[in-house]
Amino acid sequence: MIKWAKQLFLSENITPKKKTKIIKDIEKKNLMLEVYCITFASNPENLFDIINANEFLFPYYDKREIQVLGLALSKQEAFWLVKDMLEEIYRETGGFQVREYFNII
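Residues numbered from 1 in each chain as written. Predicted model: local features only at pLDDT ≥ 70, side-chain atom pairs only at ≥ 80, totals over all residues. Heavy atoms only, no water.

Draft legend 1. Highlighting the environment of Cys-37. Inspection of the secondary structure assignment puts Cys-37 in strand β2 (residues 36-40). Judged by its relative accessible area of 0%, Cys-37 falls in the buried class. Taking C-alpha positions, Cys-37 is 18 Å from Tyr-101, a pair spaced 64 residues apart along the chain. Discounting chain neighbours no more than four positions away, the residues touching Cys-37 are Ile-26, Asp-49, Ile-50, Ile-51, Ala-53, Phe-56, Val-68, Gly-70 and Leu-71. (Helix = DSSP H or I, 4+ residues; strand = E, 2+ residues; numbered from the N terminus. Buried < 20%, exposed > 50% of the residue type's maximum accessible area, 1.4 Å probe, protein only. Contact = heavy atoms within 4.5 Å.)

Draft legend 2. Looking closely at helix α1 (residues 16-27). With 12 residues, α1 should reach 16 Å at 1.5 Å per residue; the first-to-last C-alpha distance of 17 Å fits that figure. Residues Ile-22, Ile-23, Asp-25 and Ile-26 constitute the buried set of α1. For α1, the angular spread of buried residues about the axis comes to 165°, placing them on one side. Residues of α1 that are exposed and point more than 90 degrees away from the buried face comprise Pro-16, Lys-17 and Lys-21. On its buried side, α1 packs onto β1 (2-10), β2 and β4 (66-72). A positive backbone phi angle near 65° is found at Lys-29, which sits one or two residues after α1. (Expected span 1.5 Å × (residues − 1). Arc of directions from axis to C-beta.)

Draft legend 3. Seen up close, the pairing of strand β3 (residues 48-52). Most of β3 sits out of view: four of its five residues are buried. Two strands pair when backbone bridges link them, and β2 and β3 are joined in this way by five bridges, in the antiparallel orientation. Looking at the pairing, Phe-40 lines up with Phe-48 of β3. (Pairing = 2+ DSSP bridges.)

Draft legend 4. Here's a closer look at the side chain of Asp-25. Residue position: Asp-25 is located in helix α1. In contact with Asp-25, not counting residues within four places along its chain, are Asn-30 and Met-32.

Draft legend 5. Focus on helix α2 (residues 75-93). Its 19 residues place the ends of α2 27 Å apart at the C-alpha level, agreeing with the 27 Å of an ideal helix rising 1.5 Å per residue. Buried within α2 are the following residues: Glu-77, Ala-78, Leu-81, Val-82, Met-85, Glu-88 and Ile-89. Along the axis of α2, the buried positions cluster into a sector of 140°, meaning they face one direction only. Looking one or two places after α2, you find Gly-94, whose phi comes out positive at around 75°.

Draft legend 6. Region of the structure containing the pattern of salt bridges. In the structure shown here, the tally under the stated rule is five salt bridges. The salt bridge involving Lys-3 is made with Glu-65; its shortest N-O contact spans 3.5 Å. On the criterion of sequence distance, the pair formed by Lys-3 in strand β1 and Glu-65 in the loop between β3 and β4 is long-range, its members being 62 residues apart. The partly exposed category is assigned to Lys-3, whose relative accessible area is 34%. We note a salt bridge from Lys-21 to Asp-25, for which the minimum N-O separation is 2.8 Å. Here Lys-21 and its partner Asp-25 are both found in helix α1, four residues apart, which amounts to about one turn of the helix. (Salt bridge = Lys/Arg side-chain N within 4 Å of Asp/Glu carboxyl O.)

Written out as structure tokens, the structure is:
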């Protein structure tokens, strides 16, 4: 099951209209090219996972709760978006407590 962050971080090339379409396509399990989702890390030792949206087509993800925190239109944009997210989290909290930050906002 996919859950969406209230304050979803977006790469520069994603407009509000594109955001809505991407979310609908992911929820309908449509095949998508070059869309990456930033999620909480599956390993508690890490901060984030960057997952190609097409990964959500596999049944494995139907049984897991995935919290999407950000969307990007390429892998490179996803890396830059993670950098921006970490900078904001550090600026707001003075640390890298990602899960706590997203429970606050």
